[in-house]
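Residues per chain, in single letters:
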There are 2 protein chains.
Amino acid sequence: MQNIKEQIRKGYQELTTRQKTVAKFVIGQPKTIALHSAQKIGELTETSETTVIRFCYALGYSGYSALQTEIRESLLNSDEEEGPLKNYRDTTGELIGENNLIQRVMEQDVAFIQQTLSSINNELFTKAVDLIIQAKKIVVVGFRTSYSLANWTSLTLNLIRGDTSLYRGPIDDADSIIMEMDEHWLVIAFSFPRYASETISFVQAAKTKGVKVLGISDDELSPIGLEANVLLKAITPQPSALNGMAAIFSLLKALTTGVAAADWPKVQDRVRTYDGQSGFEFHIPTTESWG
Amino acid sequence: MQNIKEQIRKGYQELTTRQKTVAKFVIGQPKTIALHSAQKIGELTETSETTVIRFCYALGYSGYSALQTEIRESLLNSDEEEGPLKNYRDTTGELIGENNLIQRVMEQDVAFIQQTLSSINNELFTKAVDLIIQAKKIVVVGFRTSYSLANWTSLTLNLIRGDTSLYRGPIDDADSIIMEMDEHWLVIAFSFPRYASETISFVQAAKTKGVKVLGISDDELSPIGLEANVLLKAITPQPSALNGMAAIFSLLKALTTGVAAADWPKVQDRVRTYDGQSGFEFHIPTTESWG
DNA sequence: AAAGGAATAAAGCGTAAGCTTCATTCTTCT
DNA sequence: AGAAGAATGAAGCTTACGCTTTATTCCTTT
């Protein structure tokens, strides 16, 4: 399967307009190819049998039959060799080796997500959501590894509720930002090993103005943990959080989803506005929209 | 499938000796039926094409084609019904009860990770790792949602192999960066909906200098997919990738782990140095840092 | 053991589906 | 705007595969 998709991707630009239509169809629903004739695919794609066959030639196949056979084989083989569920179950016997590296790494992430999930205190989580919803303005802060977390959180919260900004360190003027703060503001601080001192400094300075602090960390007793009004803890591999991003993002997604769910109509409205910007489409992309 | 097996079981006693041989074969490896002609099945069962066809009649089918079609459909449909795809269909606009929200969100992420895992082609993955290892210099690019991905990747790759920088958009001088490039450079480009046009422009400009491009996207046919030498696909919820970060980070972790594993002693050395640093002068790598 | 009958496989037939050709439409470039 | 060329789809051609017929083998029964 992957071979076929890869082949289509490589040759895509050389295809004609109608052939691109067929290409998208093949990638989108290979099963239909496996089960139906070239003529039928012509109908379904609103092209013609001929175009479908020529699409096969363009990809280097000897004809529709060849493509169909390969798709059938790959669909059925993948079924047999590596069902995703099966793979993820048998983590005990661990042969390392290049081959199943991806599998192991991802399984590890699944495990961290599940641990994080089970360690989350529901009451705390609700408090965190409330903090976000009720804040007048939000400032997100996080450096190094945590910067990507902060960046994403800022972006997403700005989309779903607005009034959120990202403090990016000395580039921004911390003093003037802090000056504006009051007790209705919220600072969301990310702090994972190795804990950046700038984060904690910023939070401490902000607290003098009475802001609320939502901390997200791997440890209740981390520097941020001690400063925060509410602390959400994500389980990550030690010592570095470099490898725990999946679990943290999963937690963040839960958080943002919680915020979104609490004020859904407003969020939908915002998303629509965002959507309308600059001619990009928010839904499944088609080549037409890519120009 | 179950229908077919049931049908065989019912009629089994009435079958002739050779037909029973065929019956056992069909139950044992229906996939082979799905993929091969009646003649071939005749050979494999050491009976004959004729017997295979008469076996179909005996079960009440109109012929071999009918049996084959039904087997194909049932094999592929079962794939569809209980596939993880179903899980994520109903998540988009639905209001979720507060109580199990965390759980549901995280389970969804687990599902996406598993899908990504099962859709990854090992060969492509290895190629991606090789590209990274063999590159002289690496530039990472990604905007909006993808910026956090790019940022993290840049940070991490710089740690484990060095010579990696992040292109942050017009802040950096794209022209002078691109000027330096040659065919030993690698550009890692992130592109998720809504696809930022800056990313594709940068990549296209870079390609004129002969650089290699590693694309990471949600769609083989996305703008980046078409430009990339190697494309890794992550499964994310549609329409936006906002909610698919966990799966993408999981993929990235696999990638970086792959790179690290390939040159482990050197990486360990680097990490020691990084940890030994006092203070926090390690900064987000930018193109300036080469100046 | 021989005859009748069922089961089987080889050979030939027919049809569905893939493929090719050609006329028409759409694009692009001057 | 017009001409040259590419892309497209309809109609006819070809082949592969399923199916039928027929000859052979194997089993059963007396």
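Residues numbered from 1 in each chain as written. Chains lettered and ligands numbered in written order. Predicted model: local features only at pLDDT ≥ 70, side-chain atom pairs only at ≥ 80, totals over all residues. Heavy atoms only, no water.

**Concerning the domain arrangement of chain A**
Interfaces are often described in size by the accessible area the parts lose on coming together. The criterion, for reference: Reported domain spans reflect what an automatic or database domain assignment gives.
Assigned domains within chain A: domain 1 (2–80) and domain 2 (111–276). Once you take the C-alpha centre of each, domain 1 of chain A and domain 2 of chain A turn out to be 45 Å apart.

**Focus on helix 9 (residues 122–134) of chain A**
All names here are of chain A. Formally: Per the convention used, a helix needs a DSSP run of H or I reaching at least four residues, while a strand needs a run of E reaching at least two, with both numbered from the N terminus. Take the residue count of a helix, subtract one, and multiply by 1.5 Å to get its expected span. Categorising residues by exposure relies on relative accessible area from a 1.4 Å probe, with only protein chains included: less than 20% of the type maximum marks a residue as buried, more than 50% marks it as exposed, and the intermediate range marks it as partly exposed. Throughout, the arc means the angular range of directions from the helix axis out to the C-beta atoms.
Taking 1.5 Å of rise per residue, the 13 residues of helix 9 would be expected to cover 18 Å, and the 18 Å separating its terminal C-alpha atoms lies within 8% of that figure. Within helix 9, the full set of buried residues consists of Phe125, Ala128, Val129, Leu131 and Ile132. Along the axis of helix 9, the buried residues cluster in a sector spanning 155 degrees; they form a single face. When the buried face of helix 9 is taken as reference, the exposed residues oriented beyond 90 degrees from it are Glu123 and Gln134.

**A look at the sheet that holds strand 3 (residues 186–191) of chain A**
Residue and element names in this part refer to chain A. Where we set the bar: Pairing between strands is defined by DSSP: at least two bridges between them are needed. Only C-alpha atoms enter the line fits that serve as axes; for helices the fit covers just the stretch in contact. Angles between N-to-C directions range over 0 to 180 degrees. Residue contacts are defined here by distance: any two heavy atoms, one from each residue, within 4.5 Å place the two residues in contact.
Within the open sheet, the 5 strands sit side by side as 2-1-3-4-5. Their pairing is parallel. Each end of this open sheet is capped by a strand with a single partner; those strands are strand 2 (164–167) and strand 5 (230–233). The mean angle between the axes of side-by-side strands here comes to 20 degrees, regardless of whether they run parallel or antiparallel. One ladder, built from 4 bridges, connects strand 4 (residues 212–217) with strand 5; its direction is parallel. Looking across to strand 5, one finds that leucine 214 is bridged to valine 230. Those strands touched by helix 9 are strand 1 (138–141), strand 3, strand 4 and strand 5, and its axis lies near 120 degrees from that of strand 5. In the packing of helix 14 (residues 245–262) onto the sheet, the strands contacted are strand 3, strand 4 and strand 5, and the crossing angle to strand 4 comes to about 145 degrees.

**Re the pattern of salt bridges**
For clarity, the threshold we go by: We define a salt bridge as a contact between a side-chain nitrogen of Lys or Arg and a carboxyl oxygen of Asp or Glu at a distance within 4 Å.
Scanning the model with the defined rule gives 9 salt bridges over all chains in all. The partner of lysine 136 of chain A in a salt bridge is aspartate 182 of chain A, with the nearest N and O atoms 2.9 Å apart. Taken together, the residues span a long stretch of sequence, with lysine 136 of chain A in the loop between helix 9 and strand 1 and aspartate 182 of chain A in the loop between helix 11 (174–180) and strand 3 at a distance of 46 residues. A salt bridge links glutamate 227 of chain B to lysine 207 of chain B, with the shortest nitrogen-to-oxygen separation between them at 3.5 Å. In this pair, glutamate 227 of chain B sits in helix 13 (residues 223–227) while lysine 207 of chain B sits in helix 12 (residues 197–207), placing the two residues 20 residues apart along the sequence. Owing to a relative accessible area of 31%, lysine 207 of chain B belongs among the partly exposed residues under this scheme.

**So, helix 10 (residues 145–160) of chain A**
Residues and elements named next belong to chain A. When the terminal C-alpha atoms of helix 10 are compared, their 24 Å separation across 16 residues agrees well with the 22 Å that a helix rising 1.5 Å per residue should span. The buried count for helix 10 comes to 14 of 16 residues, which makes it a mostly enclosed element. Just past helix 10, the residue glycine 162 takes up positive phi, approximately 80 degrees.

**Points about the protein's contact with DNA strand C**
Rules: By convention in these notes, a residue is near a molecule or strand provided one of its non-hydrogen atoms lies within 4 Å of it. Any pair of N or O atoms that falls within 3.5 Å is considered a polar contact. Within protein, one atom must be able to donate a hydrogen and the other to accept it, and sequence-neighbouring residues count only if both atoms are side-chain atoms.
Taken together, 18 residues form the shell around DNA strand C, and within it Tyr57 and Tyr64 of chain A together with Thr16, Arg18 and Thr51 of chain B come nearest. Each atom of DNA strand C within 4 Å of the protein was classed as base or backbone; sugar and phosphate made up 66%. Take serine 48 of chain B: an N or O atom from its side chain is 3.1 Å from a phosphate oxygen of DNA strand C. One of the side-chain N or O atoms of arginine 54 of chain B is found 3.3 Å from a base nitrogen in DNA strand C.

**A closer look at the nonpolar core**
Quick reminder of the rule: Put simply, buried Ala, Val, Leu, Ile, Met, Phe, Trp, Tyr and Cys residues joined by side-chain atoms within 4.5 Å make one nonpolar core.
Grouped together as the largest cluster of nonpolar side chains are 90 residues, with contacts concentrated most on Ile188, Leu214 and Leu255 of chain A together with Ile188 and Leu214 of chain B. In this structure isoleucine 188 of chain B touches Ile132, Ile138, Val139, Val140, Val141, Leu157, Leu214 and Ile216 of chain B, once residues within four positions along its chain are discounted.

**Concerning the confidence of the model for chain A**
Residue and element names in this part refer to chain A. Our working rule: The pLDDT value tells you how sure the predictor is about a given residue, anywhere from 0 up to 100.
Summing up the model confidence of chain A, the mean pLDDT is 77 and the portion of residues at 70 or higher is 80%. Mean pLDDT values over the elements of chain A span from 30, in helix 16 (residues 287–290), up to 93, in strand 1. Taken together, the stretch residues 79–98 has pLDDT below 50 and engages in 25 contacts with residues farther than four places along the chain or on a different chain. A low-confidence stretch, residues 274–291 (pLDDT under 50), is modelled with 33 contacts involving residues beyond four sequence positions or located in other chains.

**Some details on the packing of aromatic side chains**
Residues and elements named next belong to chain A. Formally: Pairing of aromatic rings covers Phe, Tyr and the six-membered ring of Trp, with a centre-to-centre limit of 6.5 Å; geometry is then stacked below 30 degrees between planes, edge-to-face above 60, and tilted otherwise.
Within the structure shown, the criterion is met by 8 aromatic pairs over all chains. Centre to centre, the rings of tryptophan 152 and phenylalanine 249 are 5.4 Å apart; their planes meet at 80 degrees, and the pair counts as edge-to-face. With a gap of 97 residues between them, tryptophan 152 in helix 10 and phenylalanine 249 in helix 14 connect regions that are remote in the sequence. For the pair tryptophan 152 and phenylalanine 249, a shared accessibility class is recorded, and that class is buried. Centroid distance tyrosine 167 to phenylalanine 202: 4.2 Å. Interplanar angle 15 degrees. Geometry classified as stacked.

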